[in-house]
Amino acid sequence: MLELRKDIFADERDDNLKEIGKPTQRQDMLGHVTATSVYFNDHKLQGMLHLKVLRSAQSHARIRRIDLSEAERSPGVRRIIRGADVPRNLNTLLSLINFGKDDEPALAVDKVRYKGEPIVAVVADSEREAFEAVAKIRVDYEPLPTVFDVEEALKPGAPVINETYPKNTFTYHDIYDHQKIRFGDVERGFAAADHILEQRYQMSPIEHAPTETNGSIAAPDTNGRYVVYTSTQALFFSLDTCAKILDVPSNKLHFIGGTVGGGFGGKVDTVTEPLSILGAMLTGRPVRYMIGREEEMLYCAPRGAERIFIKDGVSRDGRILARQFRCLFDSGAYTRLSSYAAVKCAAHLPGPYTIPNVYAEVYCVFTNRVPATAMRGFGVTAVDFAIECQMDKLAHLVGMDPMEFRLINAYRDGDMKAHRREAKNTALIECVQVAAEKAKWPMRDEFKRMSSLKDVGAPRAATPAPQPARESILVNRPAGQQRTVYDRPAPPPPEPIRPTPQPPLSSPPAAAPSHGAIRFSSVFGGRRR
Amino acid sequence: MARLRGRGMSSMNYPIGMNLGGDPSQALVHSNPSGKFTVSLSSIDLGQGMKSVTRQICAETLGVPVEDVYVDTADSDTGPHCMGSFASRGTHRVGNAVMAAAREARGVMMEAAAEELEVNVADLETDGRGNIHVKGAPHRSISTKDVAIAAQFRQGRTISGRGIFLVPLSDVDPETGEMSPATCYAHACLVAEVEVDDETGEVAMVRMDSAYELGRALNPRLVEQQLVGGAWMGISHALYETPEPYYPDPSHGPRDFVEYLMPGPGDICPHDITVLERPAPDGPFGAKGPGEMCANPVMPAIANAIFNAVGVRMDELPITPEKVLRAIKAQGGARPQARR
């Protein structure tokens, strides 16, 4: 059920509109519900051939030899395509916006870097014949050491996965192996904090699972052009990528799409179009390359995994004084779009909260897995999971209601963000208030009266004087020790942890440094000094 | 052994459009001789409603009924450049381009109408039902159809317009990360209630309440479809999905929807949604974009609700029954927190 709250921010809107705001039926509704909408795969062209690829059986290996002799004699085979047949067999998607170095072949040549990497393409009369020929290709591999864990990949002496990036990290600004955020002074913030909470979060890869899998059909057109029916999420992005890989002027390619059976980020990578067009160029026939469900689940780019470390310093009146953040994006064997997500992640920090001291390092790390790509919430989804779990723990730590804790720290119009731009047009506070009301979550009046438009700017975000007599915080501890207090095998006393009563907002808590700070860390657990 | 209930929440914002900008989209709008308009794009409709939302934006800007507008996309020979359908950019970027193109086309249409009615163009307004009339004098009126005929066959004008929208690309400071990532942000807060079985570790969804601030809900039904579908994806990400169940060990990958788990109709729950509208100064009619952010608040809200129910912190996604059960056992049993 959806309700519109027109009373909130009413003075910022003109609601006197005729078509905007109306629940008009979709233009394509009738086609969709009567199964007459035309998707790329509905184009059954005369003489159409089918393309399938041989995928690497190894996660990391040198290719010693490829034996095509039996496959070439297989019934129905029209053409076998190898890496050498691809005009420019090295590309990186974001080269179109001049970001990153070419690092990925359309068909692997001397080495494979993930299990499932395409090595050879077969074009045949039918899908079945293409599959049968693929099964007859023999590849002689020389296995190489593999790395699947992002922290292992960063260690000195780790196997080099992608020779374009020999340190197994994407290069930022030509000099750094990560993207930085530096705002305020986190050490000063930690020193002034009453509690420190240091935690580790992990998000696994996710499959996009659209109704329609990736695919394209390319056909020779008149005047040396090629028409391409495609499921791409980005028509010109795919067209320009193909023009580069195939080394043809972009106006030789005529892309048609626009009606797509779900994407969620999984249809930007342009993995089928270069090969189907090349197949059409080499055979003079229409060529269809449709990726099957099993292939798409196992060997096509998922949402990448992210490992996130957050260390926060919070005052006992519930203000977050410092947030230190380290994120390792698992890009898989190639860059695709993960390099972009890491910068978007950095820009998103420290979440929609006003924190005076922020320090972040965001890495795009290469491993021997299927390359990751964009997915709904790219660069933000896992970060928000980590930050919001952390916020809940911080609220618990200082004995506050999680809604009220967020309202204390929520950013408002005029606040300075960690990327050094003023916040404007904010509405976090109002969302929290409305959700609380909706869920009948108790909230005290002073919190109900807060507003994104009131009490803005610097005073709220000031860093108090440091707390005396606190040991310095351990940073850069080995990964194996980054365990949270919550998953320690030996449980603390069994009685339920009750939130302690909190002081009213109006009277700031007395400075009471005598009993020191509570530290939560993986090494020491929670303790009072 | 018991089934224990808990509530958790999360709040967040989400940037609209590609990070740092530099992601243009273009649109062309033209009228045929009977006053029916075509919007030419190369943007992709993934099912999210790209065609429908740009159609409404075009109709509103032109001042004609939505039935008089048809959106044609995506053919690279006829549709001008668009960066693509991702990064919650469709409504904001493409919508702005369509608005600019429609504004230009409207200008020509109003001039043609002024010539036909022999009045000053500044005195004319559209009624949104296919007519243009003199302000305060509805009887001095001409239909958009007659204007289009006159423009094409008598006046020799093209009722058409071009539009582009570009947020200029921002630099990123290598040392501090200073940058302009986005021009506007959507906001959300979500409360999830779950029931955790401390014998099996299974987490069942009970209900969700949420508030989303989206600038402007250009079409509330399309917004609802995104928010409902996105929340489903959030549940799925939180509790079910991954092609690498033993990450970073890549083995045991799924091959089909029997092996790749997602919630079915019995695994979802009632979801009460409220939409707030604080218009973005640079959004088309203030609109931001609900596309991506709607899945995000669900995951941490569920994790926090599980803590509230049984006292274990689930810091790794997906939160499978195995992980929940191991955590409960490691803690020596469920430890329910204060009810909310």
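Since this is a predicted model, take the numbers as computed values, not measurements.

Cut-off values and rules
- Residues numbered from 1 in each chain as written.
- Chains lettered and ligands numbered in written order.
- Predicted model: local features only at pLDDT ≥ 70, side-chain atom pairs only at ≥ 80, totals over all residues.
- Helix = DSSP H or I, 4+ residues; strand = E, 2+ residues; numbered from the N terminus.
- Buried ≥ 20, exposed ≤ 12 C-beta atoms within 10 Å, placed from the backbone.
- Contact = placed C-beta atoms within 7 Å.
- Core = buried A, V, L, I, M, F, W, Y, C linked by C-beta atoms within 7 Å.
- Pairing = 2+ DSSP bridges.
- Axes fitted to C-alpha atoms, helices over the stretch in contact; angles between N-to-C directions.
- Parallel < 35°, antiparallel > 145°, perpendicular 65-115°, else oblique.
- Nonpolar A, V, L, I, M, F, W, Y, C, P; charged D, E, K, R; others polar.
- pLDDT = per-residue confidence, 0-100.

## Remarks on the overall build of chain A
Alright, step 1. Within chain A one finds 13 helices and 18 strands.
Alright, step 2. Buried positions account for 55% of the 529 residues belonging to chain A.
Alright, step 3. The long-range fraction of contacts in chain A, counting pairs at least 24 apart against all pairs at least 6 apart in sequence, stands at 78%.

## Some points on the nonpolar core
Alright, step 1. Within the largest apolar cluster, 257 residues are counted, with the highest numbers of intra-cluster contacts made by A:Val122, A:Cys431, A:Ala435, B:Tyr212, B:Ile302 and B:Ile306.
Alright, step 2. At 12 residues, the largest contribution of residues to this core is made by helix α2 (residues 90-117) of chain B.
Alright, step 3. B:Ile306 has contacts with B:Gly6, B:Val194, B:Val196, B:Val203, B:Val312, B:Met314, B:Ile319 and B:Val324, leaving out every residue within four places of it along the chain.

## Quick notes on the sheet that holds strand β12 (residues 253-256) of chain A
All names here are of chain A.
Alright, step 1. Spatially, β4-β6-β2-β13-β10-β11-β12 is the arrangement adopted by the 7 strands of the open sheet, whose pairing is mixed. Only two strands of the sheet have a single partner each, and these edge strands are β4 (77-81) and β12. Strand after strand, the sheet turns through a mean of 25 degrees between neighbouring axes, direction not considered.
Alright, step 2. The pairing of strand β10 (residues 215-220) with strand β13 (residues 287-290) spans 4 bridges and is classified as antiparallel.

## A look at the sheet that holds strand β5 (residues 111-112) of chain A
Residue and element names in this part refer to chain A.
Alright, step 1. Pairing in this open sheet of 3 strands is antiparallel, and the strands run β5-β3-β7 from one edge to the other. Each of the sheet's edge strands pairs with one partner strand only, and the pair in question is β5 and β7 (138-143).
Alright, step 2. As paired strands, strand β3 (residues 61-67) and β5 are joined by 2 bridges and run antiparallel to one another. Its bridge partner lying in β5, Ala-61 is registered against Val-112.

## Quick word on unusual backbone geometry
Alright, step 1. Looking along the chain, the bond that leaves B:Thr73 and enters B:Ala74 is cis, with omega of 0 degrees.
Alright, step 2. Tracing the chain through its elements places B:Ala74 in the loop between β4 (69-72) and α2.
Alright, step 3. B:Tyr247 connects to B:Pro248 through a cis peptide bond whose omega is 5 degrees.
Alright, step 4. Here B:Pro248 shows up in the loop between α4 (220-239) and β11 (271-276).
Alright, step 5. Residues other than glycine seldom take positive phi values, yet A:Phe264 does so here, at roughly 60 degrees.
Alright, step 6. Within the secondary structure layout, A:Phe264 lies in the loop between β12 and α7 (273-283).
Alright, step 7. One non-glycine residue, B:Ala87, adopts positive backbone phi at about 60 degrees.
Alright, step 8. When you line up the elements, B:Ala87 lands in the loop between β4 and α2.
Alright, step 9. Judged by local crowding, B:Ala87 falls into the buried class, with 28 C-beta atoms found within 10 Å.

## Things to note about the pairing of strand β9 (residues 195-203) of chain A
Alright, step 1. Strand direction decides the pairing type here: β9(A) and strand β14 (residues 306-314) of chain A, joined by 9 bridges, are antiparallel. Residue A:Met203 lies in a different strand from β14(A), and its bridge partner there is A:Glu306.

## A look at helix α9 (residues 338-348) of chain A
Alright, step 1. Summarising burial for α9(A): 11 of the 11 residues are buried, a large majority.
Alright, step 2. For α9(A), every residue scored as buried is listed here: A:Ser338, A:Ser339, A:Tyr340, A:Ala341, A:Ala342, A:Val343, A:Lys344, A:Cys345, A:Ala346, A:Ala347 and A:His348.
Alright, step 3. The elements touched by buried residues of α9(A) are β8 (179-183), β15 (320-332), β16 (357-366) and α10 (381-397) of chain A together with β1 (3-15) of chain B.

## Considering the pairing of strand β8 (residues 160-165) of chain B
Residues and elements named next belong to chain B.
Alright, step 1. Judged by which residues are buried, β8 turns out to be one-sided: Gly-161, Gly-163 and Phe-165 face inward and are buried, whereas Ser-160, Arg-162 and Ile-164, on the alternate face, are not.
Alright, step 2. Direction of pairing for strand β2 (residues 25-31) relative to β8: antiparallel, over a ladder of 6 bridges. By the bridge assignment for β8, Ser-25 is matched with Phe-165.

## Some thoughts on the packing of α10(A) against helix α11 (residues 402-409) of chain A
Residues and elements named next belong to chain A.
Alright, step 1. The geometry of α10 relative to α11 is characterised by a closest axis approach of 9 Å and an angle of 105 degrees between their N-to-C directions. Relative to α11, the element α10 is oriented roughly perpendicular. Facing α10, whose interface residues are Met-391, Asp-392, Leu-394 and Ala-395, α11 presents Pro-402, Phe-405 and Arg-406.
Alright, step 2. Class assignment for the residues of the contact of α10 with α11 results in 5 nonpolar, no polar and 2 charged.

## With respect to the confidence of the model for chain A
Alright, step 1. Looking at chain A, the pLDDT average stands at 90 and 88% of residues meet or exceed 70.
Alright, step 2. Contacts for the low-pLDDT stretch residues 469-529 of chain A, under 50 throughout, to residues beyond four places or in other chains number 77 contacts.

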